[in-house]
Amino acid sequence: MSGQPMLATYLAENAALIEAELKRSLPEVWAVPPRLRESMDYSLSAGGKRLRPVLVLAAAEAARGGESDREAALRVACAVEMIHTYSLIHDDLPAMDNDDFRRGKPTNHRVFGEAMAILAGDGLLTHAFHMAASARRYGADAGVVLDIVEDLSRLSGPAGMVGGQAADMQGEQGATALPELQYIHEHKTSDLIIFSVTAGVRLGGARAEQLARLEQFGRKLGLAFQIQDDILDLIGDESKLGKKTNSDTAAGKVTYPYLVGMEESRRLLAQFTDDAKQALLEARLPKPERLVELADYLMNRDR
Ligand code: FPP
Ligand code: MG
């Protein structure tokens, strides 16, 4: 058919590349307190699907039509995984969701204590910008890198992921309606996915109108991803998810299944996935097939 490796092989190979790069990301010669380094590394190397960094790599390949500039894309891929990992560490803290397990392991604060977990998150957040900016030294155009850094700040900051998390914390069953829930999902989840796919195609040399379509692809893919996350929290397998299920219900969280029911949530999941693929095809990238495959895979994932 397309002559490309199977998706499972692609995911495994790229996750390994990303994990090797993450291991090297904080230079050994930097004088980092060992316990802080250990705490950052604990969560960074705890596994996870590596979805966001894989999307950076796949989007760069889709726009370029090949695998060139892999090194620069890997730096940006690590940057978004660091932001994502910091957000999970902080999300799990007692002041937020107060969770004991993540990615099949005790949460960061359960191992290192709350203060060190907060600092590990802070360290990952700040180091992410170093990683993104460093793409310039790995062959990416300096102007493109600056655009990527600007996007990363906006999409992970107060109008992005942090804003979505703040709205999520203020949400209440009985008070939060669909438009607010959509705001929460678009920002706490879609924005990093939008970042990943637009940063990838920026590195691959995409034009402005293609970027706009990819932003839409990321938004819809993120909404679909979060609905599946909410569904899995209700009916998923704890051993596959690596964390406790029914945490949303226990915490009184407003989710799609809570607001519109399971059947309608499943319909919306399929609808948003279709919308995402449509926007992607409209971008007319040279090689979109892998991104289409990833969208289908995410809709059917069990972890
Ligand atoms: C699971 O990702 C995570 C989400 C679906 C996003 C939830 C958003 C937050 C927790 C935002 C927190 C923000 C702050 C500022 C604290 P995944 O299934 O890709 O996890 P994995 O990487 O472990 O596979
Ligand atoms: Mg949360």
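Refer to the structure above for everything that follows.
Parameters at a glance
- Residues numbered from 1 in each chain as written.
- Chains lettered and ligands numbered in written order.
- Predicted model: local features only at pLDDT ≥ 70, side-chain atom pairs only at ≥ 80, totals over all residues.
- Heavy atoms only, no water.
- Helix = DSSP H or I, 4+ residues; strand = E, 2+ residues; numbered from the N terminus.
- Rg over C-alpha atoms; globule rule 2.2 N^0.38 Å.
- Buried < 20%, exposed > 50% of the residue type's maximum accessible area, 1.4 Å probe, protein only.
- Contact = heavy atoms within 4.5 Å.
- Areas by Shrake-Rupley, 256 points an atom, 1.4 Å probe, with all protein chains shown as cover.
- Lys, Arg positive; Asp, Glu negative; His and termini not counted.
- Charge placed at Lys NZ, Arg CZ, Asp CG, Glu CD.
- Donors = N, O, S within 2.8 Å, 3.2 Å for Na, K, Ca; no water.
- Phe/Tyr/Trp six-rings, centres within 6.5 Å; stacked < 30°, edge-to-face > 60°.
- Lys NZ or Arg CZ within 6 Å of the ring centre and 35° of its normal.

**Remarks on the overall build of the protein**
- Looking only at helices and strands, the protein has 14 helices and two strands in total.
- Relative to the globule expectation of 19 Å for 303 residues, the C-alpha radius of gyration of the protein, 18 Å, shows essentially globular dimensions.
- C-alpha extents for the protein along the principal axes are approximately 50 × 50 × 35 Å.
- Among the 303 residues that make up the protein, the fraction classed as buried is 51%.
- Long-range contacts, defined as pairs at least 24 residues apart, comprise 74% of the intrachain contacts of the protein with a sequence gap of at least 6.
- Counting only carbon and sulfur atoms, one obtains 54% of the accessible surface of the protein, whose full area is about 13,600 Å².
- Charge separation in the protein, taken as the distance between the mean sites of 35 positive and 44 negative side-chain charges, equals 4 Å.

**Remarks on unusual backbone geometry**
- For R103, which is not glycine, the phi dihedral falls at a positive 50°.
- Assignment of secondary structure puts R103 in the loop between β1 (101-102) and β2 (105-106).
- A residue is classified by how much of its surface remains accessible, and R103, at 18% relative accessible area, is buried.

**Overview of the coordination of the magnesium ion (ligand 2)**
- Protein-derived coordination of the magnesium ion (ligand 2) comes from D91 (OD) and D97 (OD), at a distance range of 2.1 to 2.4 Å.
- Judged by relative accessible area, D97 falls into the partly exposed class, the value being 30%.

**Examining the packing of aromatic side chains**
- In the structure shown here, the tally under the stated rule is one aromatic pair.
- Centre to centre, the rings of Y42 and F112 are 5.4 Å apart; their planes meet at 65°, and the pair counts as edge-to-face. Separated by 70 residues along the polypeptide, Y42 in helix α2 (residues 34-44) and F112 in helix α5 (residues 108-112) bring together distant segments of the chain.
- A relative accessible area of 16% places Y42 in the buried class.
- Lying across the ring of Y10, R290 places its NZ or CZ 4.1 Å from the centre.
- The aromatic ring of F225 is capped on one face by R301, whose charged end is 3.8 Å from the ring centroid.

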